[in-house]
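Spelled out from the first residue to the last, the chains are:
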Amino acid sequence: MSPGFSALCLLLLQTGAHCFGIVPVFQNDETLNHLEITKRAVLNATVQTCRTLAQAEGTNFNFPAFTAEAVVAACSAPQSTKTFQQAIRSIQWRNIRVDIRHALNASFHFDEEMFVQGKSIITEGITAVKASNSQENYETARQKLGEILHPLQDFYSHSNWVELGNTLPNSNLIRSDSSIGNIADKSRATCRSCDGDDCRNNILEDILSEKILTSGYFGIFPFISTKPKGKCSHGGKIDRTSTIEPKGGINKDSVGSSHGHLHIQAANVAIAATSQLLEDIRRSAGDRQFLQMVGISKGSNRALCFVIDTTKSMSDDIEVVKTVTSTIIDSNEGTVDEPSGYILVPFSDPGFGPATRTTDSTVFKNIINSLTASGGDDDAEKSLSGLELALTSAPFNSEIFLFTDAPAKDKHLKSTVIALIERTQTVVNFMISDSVVTNRNNNMKRTRRISASDAQLYRDLAQVSGGQLIEVTKAELPAATRIITQTATSSLVTLLQATRSPGKADSFIFLVDETVTNITVYITGQSVTFTLVNPAGVSQQSNDSAGALITVSESVGNFKALQLQRQVGQWEIRMVSTDAYTLRVIGQSSIDFLYDFVESSQGPFAGFDALDTRPRAGVNGSLLVSLTGSDSATVTEVSLIELSGSHEIQGVLVPQGGGNFLVQVNMIPSVEFVVRVKARLSNSSEVLQRQSPTSFRGSNLTITADSNSILVPGTPFMVLFSVATGGTGGNLTIRATNNRDFDSTYPDSLFLESGNSTNGTVALSAPLNTRSGTDVILTIKAEAPGGADTNYIVLRFSIVNPVTDFTNPECQLLSLQSNCSENCSLSMWELSVRVTDGDEGTGVNNVSLKEGNGTLTTSLVPGNENMTLVSYTSCCCAPDVELLVVDRVGNMGSCLYSAREGTASAAALFPDNKVLDPFEIDVEKENI
């Protein structure tokens, strides 16, 4: 492996804890850890998927180099580089978290011969991943996938599978209906003591000859051991059982481990096993859906998301949305800027939702065009409820446009909405128009604008997200909407973002590098003047329409948009206003950055974990930062910049290799701040600058929570949480909300002593009819006395109904008619098949072509949902077809049929989770 990924040990257990590739100091570049194993397998699975799609489309596919940038380019989706790397990173984080959250749970590591329990974690998790994918809840799927990949990979390092002579994965680990193998009895001895430091021959000969599975015992506490007599130990300095007869260990976590001579072999089988599991998930989801799970789409990865007030006064606004939607869809369809999906959330009072999601632009147009305005007798509407639903429905890093002419009726959701904005890093733009209301007594009409205090709520939310609050009249709304929706494009980056409230004169610097195009300045506020200065020192003032720096200037309401004449170098904008204003400079570029706030593990092992909360304020903190879209640019500076001031905290960079940096800062601000990254392009002195659009703030409250990530409908579900404070104590206000509005109970308040912690429980209940794959996003918020400080934690759970169907669908050949001649292009053959899922099955979910380029049609048998009729017609030049059949819980099978030389033949259905040949999954290819 490369030094870059090996150096990412900061994320792992520094003390030599039991996980793949974890040692105090990496001893050579051959050590493969969970990060690298996962990354290689995801890259491989993605390449295989893109190659399959290319073959189906009749286009060439060239195997790329082993980098995310090269893979997305080979998949003809370079605009997906950031989201692809973000998806891989999400999976990796959850993989690593197993060693922090479940360090001493043997089942998650296949330690102590916990084979049945470990396999259950994997197979139940696969069911959850498939269910989440079926409902397009891809982030929930990614998180669960990362969690189950850890035990899957540990099986090959912690058990004796490799010592038994196996070079291929144990495919039964991912099958619910099969045995994992012959497991050693609890009383059977499996090891002898090592010969000093040489443990090559410590597994007993009868265990090896009889192909008996065993794994090592592990314990960190001296004088306490649960290792039975004669059993193997995990091994390593931290494993106290390794000093008890039989001494030593059998793990292959690194080249320096007890069985380190087999590390590379175990790691390669783990890569193949991970690829096999991903292939199983891919075939269940379908190629396009699998690519979406790993963050790759054919167009822009930004969803087009509208949250719309549908009360009667919004009739004109809805017509504007209809027009704008059609324009965006028509102009971007078939381009790299085509949205990956479309989301609509209507709201009024008392109702809101549902959230409608689709990838079909025609369907979305029809949904938008069917909107009507009605009701709304009072002033306020449930705008934040609609926004909360949109934030939990849209992909990360999306952009949401909210249209209303009314204040929020559900202001209590402000903190919850801010938490979701911070966690999803979603930009929210508020389009606030005036409204015409009729006095019931005298039938007089008047124009109403929302009050300054009501507008401030929306302004605060826009500011956190990096979006805009645009206040216009009904007549101005079309122009404002047209301007702001131009940002719904791919490869959008933020160069500068700042706010001043109250307003004051200030100057701001931003850098334009050679990769940035379409530079736009957004200013919101009243009575704002400015002076722009380009890198050559040429200036242009806001009242100078003849200047050379601004190519297009548009103003509407409180909103101004400036298109700049592109020039590489340092720009300055000098702002003058006594009123509050916001400033945002954006552009398009292939290079951006990812970041996560991380904290040291509080468990028995050292390491780092990504935060699901705000970082702790007033103390030192850490971020993990990496560039996206470039293999060669180097980070030179990372700072936390106060959003409303000029103060900045510069971090200390600790290079981790491969473009990854641990950034250590001496204090996390308690006020809102953004993350700014500077980098240097390769072979150039030019500096690149990016900022996070989303702002954050630290908190003196610390909140943690953990629970099973699978929720069964009709079964009580408990989430335990803990709140601690480094400041003053008192009665904390607690609020828990979930995106499905499921019934829940939780303590309204908790008393917390200064410097201590307190615990609480959220109890959730999902209705029995809740569909598998539904995701539940739970936000738990804690507020200090007086509302001076808040923190939150955002958790994702997957709904999975109990699975009783473990059988594959069945194929029955009805007819195969072939009229193939010597000139194959002039003749056709036809196939008719009946597919069923058995009397007790859940039903056929989909039938697709795994091989073949003919025409496939399917139809349900009337009155029998478990039976599907399949018709296939193809040119005789393509005489073979393989149907992939998936039922509703993800069981799969294949049907092979052929019409060669006029003779019809068919192969029986076979389970499609066979052991894959390593060449089939390309683990051994030179580049991928």
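Above this note sits the structure.
Read on for an overview of the structure. (Residues numbered from 1 in each chain as written. Predicted model: local features only at pLDDT ≥ 70, side-chain atom pairs only at ≥ 80, totals over all residues. Heavy atoms only, no water.)

This brings us to the overall build of the protein. Across its full length, the protein holds 15 helices and 43 strands. A compact globule built from 928 residues would reach a C-alpha radius of gyration of about 30 Å, and the protein, at 29 Å, matches this within 12%. With respect to the three principal axes, the spread of C-alpha positions in the protein is 90 × 75 × 60 Å. Counting all 928 residues of the protein, 58% fall into the buried class. Considering only intrachain contacts with a sequence separation of at least 6, the fraction spanning at least 24 residues in the protein is 72%. For the protein, the exposed area adds up to about 36,100 Å²; of that, 48% sits on carbon and sulfur atoms. (Helix = DSSP H or I, 4+ residues; strand = E, 2+ residues; numbered from the N terminus. Rg over C-alpha atoms; globule rule 2.2 N^0.38 Å. Buried < 20%, exposed > 50% of the residue type's maximum accessible area, 1.4 Å probe, protein only. Contact = heavy atoms within 4.5 Å. Areas by Shrake-Rupley, 256 points an atom, 1.4 Å probe, with all protein chains shown as cover.)

Two elements in contact, helix α12 (residues 383–391) and helix α13 (residues 414–424), have axes separated by 10 Å at closest approach and are oriented at 25°. It follows that α12 is roughly parallel to α13 by the angle criterion. In terms of crossing hand, the pair formed by α12 and α13 is left-handed. Where α12 approaches α13, its residues Leu 384, Leu 387, Glu 388 and Leu 391 are matched on the opposing element by Lys 414, Thr 416, Val 417, Leu 420, Ile 421 and Thr 424. The residue makeup of the contact of α12 with α13, split by class, is 6 nonpolar, 2 polar and 2 charged. (Axes fitted to C-alpha atoms, helices over the stretch in contact; angles between N-to-C directions. Parallel < 35°, antiparallel > 145°, perpendicular 65-115°, else oblique. Left-handed = near helix turned anticlockwise from the far one by under 90°. Nonpolar A, V, L, I, M, F, W, Y, C, P; charged D, E, K, R; others polar.)

A separate point is the packing of aromatic side chains. In this description, an aromatic ring pair is defined by two values, namely the gap between the centres and the angle between the planes. Throughout the structure, instances matching the rule amount to 19 aromatic pairs. Centroid distance Phe 61 to Phe 63: 5.9 Å. Interplanar angle 85°. Geometry classified as edge-to-face. For the pair Tyr 595 and Phe 597, a centre-to-centre distance of 6.3 Å together with 90° between the ring planes defines the contact as edge-to-face. When its relative accessible area of 5% is taken as the criterion, Phe 597 is described as buried. Through pairs of rings, three or more aromatic residues link up here, namely Phe 110, Phe 115, Phe 155, Tyr 156 and Trp 161. (Phe/Tyr/Trp six-rings, centres within 6.5 Å; stacked < 30°, edge-to-face > 60°.)

Spatially, 4 strands are ordered β36-β37-β40-β39 in an open sheet, and the strand pairing comes out antiparallel. Single-partner strands in this sheet number two, and they are β36 (810–818) and β39 (855–861). The average angle at which neighbouring strand axes cross in this sheet is 15°, direction not considered. Relative to strand β40 (residues 864–875), β39 runs antiparallel, the two being bridged by 7 bridges. Each bridged residue has a counterpart across the sheet, and for Val 861 the counterpart in β40 is Asn 864. (Pairing = 2+ DSSP bridges.)

This paragraph deals with the pairing of strand β29 (residues 717–725). Across 6 bridges, strand β27 (residues 701–706) lies against β29 in antiparallel orientation. Residue pairing in the sheet places Asp 706 in a bridge with Leu 720 of β29. Inspection of the sheet shows β29 paired to strand β33 (residues 757–765) by 8 bridges, in the antiparallel sense. Bridge pairing in β33 links Val 723 to Thr 758.

A full pass over the atoms with the stated rule returns 6 disulfides. Two residues share a disulfide in this structure: Cys 191 and Cys 232, whose sulfurs sit 1.9 Å from each other. Torsion about the S-S bond of the Cys 191 and Cys 232 cystine: about 90°, corresponding to right-handed handedness. Of this pair, Cys 191 sits in the loop between α6 (138–158) and α7 (205–209) while Cys 232 is found in the loop between α7 and α8 (263–285), placing the two residues 41 residues apart along the sequence. A single burial state applies to Cys 191 and to Cys 232, both of which are buried. For the protein, the disulfide bridges join cysteines in the arrangement 1-2, 3-6, 4-5, 7-12, 8-10, 9-11, where the cysteines are counted in sequence order. Cys 875 carries a free sulfur, and the closest cysteine sulfur to it, the one in Cys 877, is 3.6 Å from it. (Disulfide = S-S within 2.5 Å.)

With that settled, consider the sheet that holds strand β1 (residues 304–309). Taken in spatial order, the 6 strands of this open sheet run β3-β2-β1-β4-β5-β8, and their pairing is mixed. Looking at which strands have only one partner, the edges of the open sheet turn out to be β3 (356–358) and β8 (469–472). Direction aside, neighbouring strands of the sheet carry axes that sit 15° apart on average.

With omega at 0°, the peptide bond leading from Gly 353 into Pro 354 counts as cis. Locating Pro 354 in the fold gives a position in the loop between β2 (342–347) and β3. Following Ser 501, the chain continues to Pro 502 via a peptide bond in cis, the omega torsion being 5°. Relative to the assigned elements, Pro 502 resides in the loop between β9 (492–500) and β10 (506–512). For Phe 110, which is not glycine, the phi torsion reads 55° and is therefore positive. One can find Phe 110 in the loop between α4 (81–101) and α5 (115–134). For Phe 110, a relative accessible area of 0% gives the class buried. The phi dihedral of Gln 425 is positive, around 50°, even though this residue is not glycine. Locating Gln 425 in the fold gives a position in the loop between α13 and β5 (427–433).

A word on the pattern of salt bridges. Taken as a whole, this structure holds 39 salt bridges when the rule is applied. The salt bridge involving Asp 609 is made with Arg 101; its shortest N-O contact spans 3.3 Å. Here Asp 609 is found in strand β19 (residues 608–610), whereas its partner Arg 101 is found in helix α4, with 508 residues between them in sequence. A relative accessible area of 32% places Arg 101 in the partly exposed class. With a shortest N-O distance of 3.2 Å, Glu 319 and Lys 322 are connected by a salt bridge. Remark: Lys 322 and Glu 319 occur in helix α10 (residues 315–332); sequence separation between them is 3 residues, near one turn of the helix. Owing to a relative accessible area of 43%, Glu 319 belongs among the partly exposed residues under this scheme. (Salt bridge = Lys/Arg side-chain N within 4 Å of Asp/Glu carboxyl O.)

The next point concerns the nonpolar core. One broad trend across soluble globular proteins is that nonpolar side chains are buried collectively. In this structure, Phe 84, Leu 145, Leu 152, Phe 155, Tyr 156, Leu 277 and Met 293 are the most contacted members of the largest nonpolar core, which totals 51 residues. Of all the secondary-structure elements, those providing two or more residues to this core are α2 (34–57), α3 (68–74), α4, α5, α6, α8 and α9 (287–293). Sorting elements by how many residues they give to this core places α2 first, with 9 residues. With residues near it in sequence (within four places) discarded, Leu 152 still touches Phe 110, Ile 122, Leu 173, Ile 174, Ala 273, Thr 274 and Leu 277. Membership of the second largest hydrophobic core comes to 35 residues, among which are Cys 305, Leu 389, Leu 469 and Val 794. (Core = buried A, V, L, I, M, F, W, Y, C linked by side-chain atoms within 4.5 Å.)

As a further point, take the side chain of Ser 622. The topology assignment puts Ser 622 in strand β20 (residues 621–628). Look past the residues within four positions of Ser 622 in its chain and what remains in contact with it is Asp 596, Phe 597, Val 598, Phe 608, Leu 662, Val 663 and Gln 664.

Before going further, it helps to spend a moment on the pairing of β20. In terms of residue burial, β20 counts as a mostly covered element, since 8 of its 8 residues are buried. In β20, alternate side chains face the same way, and those of Gly 621, Leu 623, Val 625 and Leu 627 on one face and Ser 622, Leu 624, Ser 626 and Thr 628 on the other are all buried. With 7 bridges joining them, strand β18 (residues 592–600) and β20 adopt antiparallel strand pairing. Note that in β20 the partner of Asp 592 across the bridge is Thr 628.

Once that is clear, we can look at the packing of α6 against α8. The interhelical angle for the contact between α6 and α8, taken along N-to-C directions, is 145°, at an axis separation of 9 Å. Handedness of the α6/α8 crossing: right-handed. Where α6 abuts α8, its residues Leu 145, Ile 148, Leu 149, Leu 152, Gln 153 and Tyr 156 lie against Ala 266, Val 269, Ala 270, Ala 273, Thr 274, Leu 277, Leu 278 and Ile 281. By residue class, the composition of the contact of α6 with α8 is 12 nonpolar, 2 polar and no charged.

All right, on to the side chain of His 263 then. Residue position: His 263 is located in helix α8. Residue His 263 is classed as buried on the basis of its relative accessible area of 0%. At 3.3 Å, the side chain of His 263 forms a polar contact with the backbone oxygen of Asp 253. (Polar contact = N/O pair within 3.5 Å; in protein donor to acceptor, adjacent residues only side chain to side chain.)

Relative to the helices and strands, Ser 453 resides in helix α14 (residues 452–465). Its relative accessible area of 57% is what places Ser 453 among the exposed residues.

A few words now on α13. In an α-helix, one full turn covers 3.6 residues, which means residues spaced three or four apart are oriented alike. With 9 of its 11 residues buried, α13 lies for the most part within the structure. If you check which residues of α13 are buried, you get Thr 416, Val 417, Ile 418, Ala 419, Leu 420, Ile 421, Glu 422, Arg 423 and Thr 424. Considering only its buried residues, α13 is in contact with α12, β5, α14, β30 (730–738), β34 (775–783) and β35 (790–799).

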